[in-house]
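# Chains, contacts and geometry: an overview
What follows is the residue order along each chain.
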Amino acid sequence: MDKLRIDKWLWAARFYKTRALAVEEIDKGRVRVNGIEAKPAREVKSGDTVTLRQGPYTRTLTVRGISKQRGAAPVAQQLYEETAESLRLKAEEAEQRRVAADPADSLEHGRPTKRDRRTIDKAWDNRWSASAD
């Protein structure tokens, strides 16, 4: 076998847990083969370049092998090779996220509970406006 559908290859290479998830990501335009947006039936062969977005990371891979059977993780890792540029960008993004935390992470609470609301109302009981006294 020298060619395989991209959705089957992504599943066999363990990028997605199911073929349905792989198809969904491909349909969203998050997978490119040789710089062209892929469709699930697009065939890949050894030597092709696959670019896919997984969460905050964009990975660029070179197809090294074809397997239509999903195997163990060490076997799946032999199906592709991540480019040096992709590994460098991934490390930079991880470092940037470590240094500069997401602003949403600083939010401790969402909507106030009934108890919180009563505490707030009690604190504002003596004030007739929001302006400082």
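Presented here is an overview of the structure given in this document. (Residues numbered from 1 in each chain as written. Predicted model: local features only at pLDDT ≥ 70, side-chain atom pairs only at ≥ 80, totals over all residues. Heavy atoms only, no water.)

What follows covers the pattern of salt bridges. The tally for this structure, following the rule as stated, stands at 13 salt bridges. Across the pair K28 and E24 runs a salt bridge whose closest N-O atoms are separated by 3.4 Å. By relative accessible area, K28 is classed as partly exposed at 47%. Given the relative accessible area of 40%, E24 is considered partly exposed. Taking the shortest distance from any N to any O, the salt bridge between R98 and E95 comes out at 2.7 Å. Here R98 and its partner E95 are both found in helix α4 (residues 84-99), three residues apart, which amounts to about one turn of the helix. Connected through salt bridges with shared partners, the residues E24, E25, K28 and R30 form a single ionic network. (Salt bridge = Lys/Arg side-chain N within 4 Å of Asp/Glu carboxyl O. Buried < 20%, exposed > 50% of the residue type's maximum accessible area, 1.4 Å probe, protein only. Helix = DSSP H or I, 4+ residues; strand = E, 2+ residues; numbered from the N terminus.)

This next bit is on the pairing of strand β6 (residues 57-63). Summarising the sheet, strand β5 (residues 49-54) and β6 pair through six bridges and their orientation is antiparallel. Bridge pairing in β6 links T49 to T62. Counting the residues that bridge the hairpin from β5 to β6 gives two residues, and of these G55 lies at a positive phi of roughly 60°. (Pairing = 2+ DSSP bridges.)

Bridging between strand β2 (residues 31-33) and β5 involves three bridges; their strand directions are antiparallel. By the bridge assignment, V33 is partnered in β5 with V50.

Turning to the nonpolar core, a few remarks are in order. Counting residues in each nonpolar core, the largest one holds 21 residues, and the members touching the most others are I6, W9, L10, F15, V31, V50 and L52. Counting only elements with at least two residues in this core, the list comes to α1 (6-12), α2 (19-27), β2, β5 and β6. At four residues, α1 tops the list of elements feeding residues into this core. Residues contacting I6, with those up to four places away along its chain left out, are I26, V31, V33, A38, K39, P40, R42, V44 and V50. (Core = buried A, V, L, I, M, F, W, Y, C linked by side-chain atoms within 4.5 Å. Contact = heavy atoms within 4.5 Å.)

Looking at where N34 falls in the secondary structure, it is placed in the loop between β2 and β3 (36-37). Between the C-alpha atom of N34 and that of T51, which follows or precedes it by 17 residues, the distance is 7.9 Å. In this structure N34 touches R42, D48 and T49, once residues within four positions along its chain are discounted.

Another aspect to go through is the packing of aromatic side chains. On inspection of all chains with the given rule, the structure shows three aromatic pairs. Look at W9 and F15: their rings are 6.1 Å apart centre to centre, the planes differ by 35°, and that puts the pair in the tilted class. On the basis of relative accessible area, F15 is assigned to the buried category, the value being 9%. Consider the rings of W9 and Y80, whose centres lie 6.5 Å apart with planes at 80°: the pair is edge-to-face. One end of the pair, W9, is in helix α1; the other, Y80, is in strand β7 (residues 80-82), with 71 residues separating them in the sequence. Pair check on accessibility: W9 and Y80 agree, each one buried. An aromatic cluster is built from W9, F15 and Y80, whose rings are joined through pairwise contacts. (Phe/Tyr/Trp six-rings, centres within 6.5 Å; stacked < 30°, edge-to-face > 60°.)

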